[in-house]
Amino acid sequence: MARHQNIRNLDYEAELEEYGAFSDEEEEELSPEDQVRMREGTAQVLEALGVEAHKVPKTQIEESLWHYYWDVDKTITYLISKYIDPPKKPAKTAPPKTAPKQDAAIASASRQSFAHLFRDLPWGNIPPERQAVLIPPPQLPAGLLGGSGAPPKMSKLQQLAAARKKKAEEKSASGEVEQTQVKMTELTVNDNQASKENRPLAGVFGKRVKISETTAQGRIPLTMAEPTRPEIPQAQAPEATPSQHQEEDPIDPEPAVAPPKAQPSAFASTLFGPSSDSPKRRPREVFALPYMAISSYSPDAFGKPSPDDVVLAAQAKVATAGKKSANVHNKKGSSSADGVTNQVSQLKIDDTPLPKSRNLNVLSEFEKQKGKKTASFVVVGHVDAGKSTMMGRLLLDLNVVDQRTVDKLRKEAEKIGKTSFALAWVLDQRHEERSRGVTIDIATNRFETETTSFTILDAPGHRDFIPNMIAGASQADFAILVIDASTGAFESGLKGQTREHSLLIRSMGVSRIIVAVNKLDTVNWSQERFDEITHQVSGFLTATGFQPKNIAFVPVSGLHGDNLVRKSTDPAASWYTGKTLVEELEASEPSARALAKPLRMTISEVMRTPQSSISITGRIDAGSLQMGDALLVQPSGEKAYVKSLQVDDGEPADWAVAGQNVVLHLSNIDPIHVRVGDIVCDPAKPIQCVDTFTLKALAFDILMPMQVDVHRGRLHAAGKIEAIDAILDKVTGKVTKKKPMIVKPGTVSRVRVTLHSKVPLEAGQRVVLRSGGQTVAAGLLE
Amino acid sequence: MADRRRINGPVGTTNPPIYDDAPEKQSEGFKVTRSRPANVIRKMYLKTGVTPSASGSAYLEIESSGNGGSGLKLSCSVHGPRALPRSTPFSPHIILSTHVKFAPFATKQRRGYIRDPIERDLGTHLETALRGSIIADRWPKSGVDIIISIVEGEQDRETSKAQGIEAWDTMNALSGCITVASAALADAGIDCVDTVAGGVAALVQDAGNDAAPSIVVDPIPSEHEKVLAACCIAYLPTRQEVTNLWFKGDLPASDMDVYTQLIEKGIQASKSANRVLVDCLNETVG
Ligand SMILES: Nc1nc2c(ncn2[C@@H]2O[C@H](COP(=O)(O)OP(=O)(O)OP(=O)(O)O)[C@@H](O)[C@H]2O)c(=O)[nH]1
Ligand SMILES: [Mg+2]
């Protein structure tokens, strides 16, 4: 019955004509049809309203009918909700045929909720306690979120923006700013009331306004004056809510008006620094001891030295006693050492060799033996000088390795593109050594000539592996120094490990050195080059302390084998008429063996073998041993027995003497007590484990009290130079300066070294001091 | 080889101190009674913005009761709001995750490094308390982590153990957690309808006289002969709403009055705490 019918019957021309008057005279100018409709509608509504009709003015009915386009249902609903009391049943008032139940339900619901909402509205006369106060939004500093205690963090972008903004503001007239401020004050209904107690909420939500500026734009923190004042317990809301307990409980009002704020504790003030707002507290003059309040506390508990003090005092006493005895040791020298060994020998419990022992007189056996002499030499030189290659060629030419093996190696080397290293691979057997083309650890091999059986110790040239080179050099009687003659390589070697190695082997006690000038094939066997190198190196070596008669030079080519075993066939090398390398080796007299001294042997390898669960290899430094002997392993101090032994190239033997490389199969000892670098010694005359010693040292670098690594053969221990006692004259050994601050490179000094742990060391041994990957000194234990 | 990925600790080792339980007799001598009025909470110190790397943080300490023990020290950091990981399903509102942990050294009994049931319980209570104050639908698809570490717990482990219930101390800890977390949330600038503060009230029986049990706020179990019942309340003062209520103890079911009184006292305690909170926030906004 509604609008769409109207539209269907619409007379457009009439409508358009009417349009002009529509705005000003629409209510008077009802068309005749509308007037009829109005009359009918009014009658219907009045009928529907029934008894309640008198409550509604007639004009209102007409107006609502017009408003709802003669929709009687809607009009009635509206009128009921507006003028007739909600409790009056709409079901009764609404005409049953036109008003569906649903409408009535909605009507009643809305009526109830509206009444509830507006029940408390003061309609204009707002009591002062309910008046809202508008507070201008706080001016917040721009910045990133969080950590508000600190000054605001600004991103770079923000800083840029802020700078631009500032500039713009400076330009624009300040009047604009004032204007906005004026507007702000206008906004504030009651500025006086925006006092302290109203700020909490503004403060709390200030941040929120800042961060959600886009969403809450124009929103001003609205603070109800009353309920946010927690200081006033007597809340005066017109209707008491359950939480208005203070009112009901007047006996027990909240007493504190100031918030119960505490001063930060010592912990907190240390964390955050002294709080700026807190009043400056006077520093306390009296400090109470903690736990004084507790009755079990007795102040005289601290009168006596604490248990810690007792222990420390005892330790200090022992330390001074030890120092004294060390001094005595230094002064009296060997006599005191004898005393110590005597005491230790008195201690011995059971050194009786196992029944297996043959109780041979090893030394006379050794005299009787008319065998070849044994010698071991170390091959040193700068990295890639061709040490390994030369030794590989030597072994090949002496038929220690056969051609087939070398061919096989060459094929393998070809696979990874390192054909030139095939000979070096005879000695470089580790996977990493082969793939990188450098020697990493000492490789040992043996060969025999008519007169001597030699042990090769192929040392690594790279400076990272100097400790391994030291271990090798400590086992050698003499040395081959390999020098790369090719252009440039010699010079760089002389600055590098050629120099360091020769210094090291000299300070390790090696006196005989053969200089193999290698790779002469690359310079076409130039005699000038050879002479030049000979000249420079011999000068350098004599300066290092080698005697000229102990230095020999051989021009060789390791790769091709010239002048190694056989004389060079190259016509360009015909100028050389001296000895070959092997001949030079045979001519070298091995250093005197300390056969009569007590047994000393450094363990260079520990392994499992079929003969024993624990087998050790190494070179006997001094003394002799035989099968069934009791041995002492230092520093663990455990005893072991020699079950069986092998000498040199793995031949079983009954005895061994100094200078020989042996494999000892041990029994009666736990493997955890035997480590590489340990020393095997005679239980009757054991080596002592010390943690301080004095050293006559040749400095390679500036020495001062500092952290050092002490190397002796395979053994190395961390320690530090405790003091430098004196600088000595290089030749005479006289003291030239006492207690110097530092020692310059090249000078000899007496230094005192302490170690972090006890290690077996004794006078007469040679050690190397290294620091930060550099050799700083080498010397002799005193 | 040393593990380079983590920060290696110092070389030496130390042993944590082990306290032998003091004999019963001795603790008798230290009997303390409540020194403040029944309706006054202990003083507290609150500071926001303590952790620079967090988006919001706060530190709360409640001073000790004064008999040689230690108070409560809490530090809270809020991380977020931040995007949820891709794997989580869509969420139309912010997802709160709360994490309460006692430091291993916080109490006399050493705590483990993994959260025990008490700590997880505290976490859930805290989450309920805060959820009522955060306007959660401002941040769909995001999460916020609230991490509280209890640097120092209440000192009275022993007493409460003697009484057989540790919950009284846990309630005090929870009320502190709620207050400090609310401060940290405000510091992080996360929209809240109101600040929320925690308060504890307890029905206690005092030593000596057979007087009727009384209600005190912010109870310290060692100061009273017996704690009959206690409740911890999280309250929004401006809205006058309770977001979390934890009630524990034995009360006669008939006496409804005691229940309401206890809650009212709890609300009073939380209002006092809230004043410190608001004061502290004002200071920072300044
Ligand atoms: N032309 C030529 N090349 C040689 C000679 N000797 C060695 N080389 C090459 O020099 C390179 C290095 O040889 P190596 O034997 O591995 O050198 P190294 O001294 O053992 O090196 P490190 O053990 O790592 O210190 C290889 O490519 C050899 O082929 C030689 O006499 N003549
Ligand atoms: Mg090599």
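Residues numbered from 1 in each chain as written. Chains lettered and ligands numbered in written order. Predicted model: local features only at pLDDT ≥ 70, side-chain atom pairs only at ≥ 80, totals over all residues. Heavy atoms only, no water.

Description of the sheet that holds strand E6 (residues 197-205) of chain B
By way of backbone hydrogen bonds, the strands of a sheet pair with one another, either parallel or antiparallel.
Residues and elements named next belong to chain B.
Reasoning step 1: The strand order across the open sheet formed by 4 strands is E7-E6-E8-E9, and the pairing between neighbours is antiparallel. The sheet is open, and its two borders are formed by strand E7 (214-217) and strand E9 (241-249), each paired with just one other strand. Averaged over all pairs of adjacent strands, the angle between strand axes in this sheet comes to 20°, irrespective of strand direction.
Reasoning step 2: Its contacts with the sheet place helix H2 (residues 117-131) against strand E8 (226-236) and E9, and it is angled at close to 150° to E9.
Reasoning step 3: Sheet strands in contact with helix H5 (residues 256-285) are E6, E7, E8 and E9, and its direction is about 140° off that of E6. (Pairing = 2+ DSSP bridges. Helix = DSSP H or I, 4+ residues; strand = E, 2+ residues; numbered from the N terminus. Axes fitted to C-alpha atoms, helices over the stretch in contact; angles between N-to-C directions. Contact = heavy atoms within 4.5 Å.)

Focus: the coordination of the magnesium ion (ligand 2)
Residues and elements named next belong to chain A.
Reasoning step 1: All of the protein donors around the magnesium ion (ligand 2) are Ser388 (OG) and Thr439 (OG1); their distances to the metal are 1.8 to 1.9 Å. Of this pair, Ser388 sits in helix H16 (residues 387-397) while Thr439 sits in the loop between helix H18 (431-436) and strand E4 (443-448); the two residues are 51 residues apart in sequence, bridging distant segments of the chain. Here Ser388 matches Thr439 in class, with each residue buried. (Donors = N, O, S within 2.8 Å, 3.2 Å for Na, K, Ca; no water. Buried < 20%, exposed > 50% of the residue type's maximum accessible area, 1.4 Å probe, protein only.)

What about the site of ligand 1?
Residue and element names in this part refer to chain A.
Reasoning step 1: What surrounds ligand 1 is a group of 21 residues, the closest being Lys387, Ser388, Thr389, Ser420 and Thr439.
Reasoning step 2: A distance of 2.5 Å separates an oxygen atom of ligand 1 from a polar side-chain atom of Thr389.
Reasoning step 3: Between ligand 1 and Leu559, the relevant distance is 3.2 Å, taken from an oxygen atom to a main-chain nitrogen or oxygen of the residue.
Reasoning step 4: Protein coverage of the free-state accessible area of ligand 1, which is 650 Å², stands at 92%.
Reasoning step 5: In terms of residue count, the dominant contributor to the shell around ligand 1 is H16 (3 residues).
Reasoning step 6: Each residue belonging to the shell around ligand 1 can be placed in one class, and the counts come to 6 nonpolar, 11 polar and 4 charged. (Near = heavy atom within 4 Å. Polar contact = N/O pair within 3.5 Å; in protein donor to acceptor, adjacent residues only side chain to side chain. Areas by Shrake-Rupley, 256 points an atom, 1.4 Å probe, with all protein chains shown as cover. Nonpolar A, V, L, I, M, F, W, Y, C, P; charged D, E, K, R; others polar.)

Side note on the pattern of salt bridges
Residue and element names in this part refer to chain A.
Reasoning step 1: One pass over the structure, following the stated rule, counts 30 salt bridges over all chains.
Reasoning step 2: Measuring nitrogen to oxygen at the nearest pair gives 3.9 Å for the salt bridge that ties Lys720 to Glu722.
Reasoning step 3: Taking relative accessible area as the criterion, Lys720 reaches 31% and is therefore assigned partly exposed.
Reasoning step 4: The class of Glu722 is partly exposed, set by a relative accessible area of 37%.
Reasoning step 5: One network of salt bridges, with partners in common, ties together Arg430, Glu433, Asp441 and Arg714. (Salt bridge = Lys/Arg side-chain N within 4 Å of Asp/Glu carboxyl O.)

Digging into the packing of helix H19 (residues 466-473) of chain A against helix H21 (residues 497-507) of chain A
Axes are the key here: two packed helices are described by the angle between their axes and the distance separating the axes.
Residues and elements named next belong to chain A.
Reasoning step 1: Viewed as axis vectors pointing N to C, H19 and H21 meet at an angle of 40°, and their least axial separation amounts to 10 Å. Between H19 and H21, the angle is such that the two are oblique. Relative to H21, the crossing made by H19 is right-handed. Where H19 abuts H21, its residues Ile466, Met469, Ile470 and Ala473 lie against Gln497, Glu500, His501, Leu504 and Ile505.
Reasoning step 2: The class makeup of the residues in the contact of H19 with H21 is 6 nonpolar, 2 polar and 1 charged. (Parallel < 35°, antiparallel > 145°, perpendicular 65-115°, else oblique. Left-handed = near helix turned anticlockwise from the far one by under 90°.)

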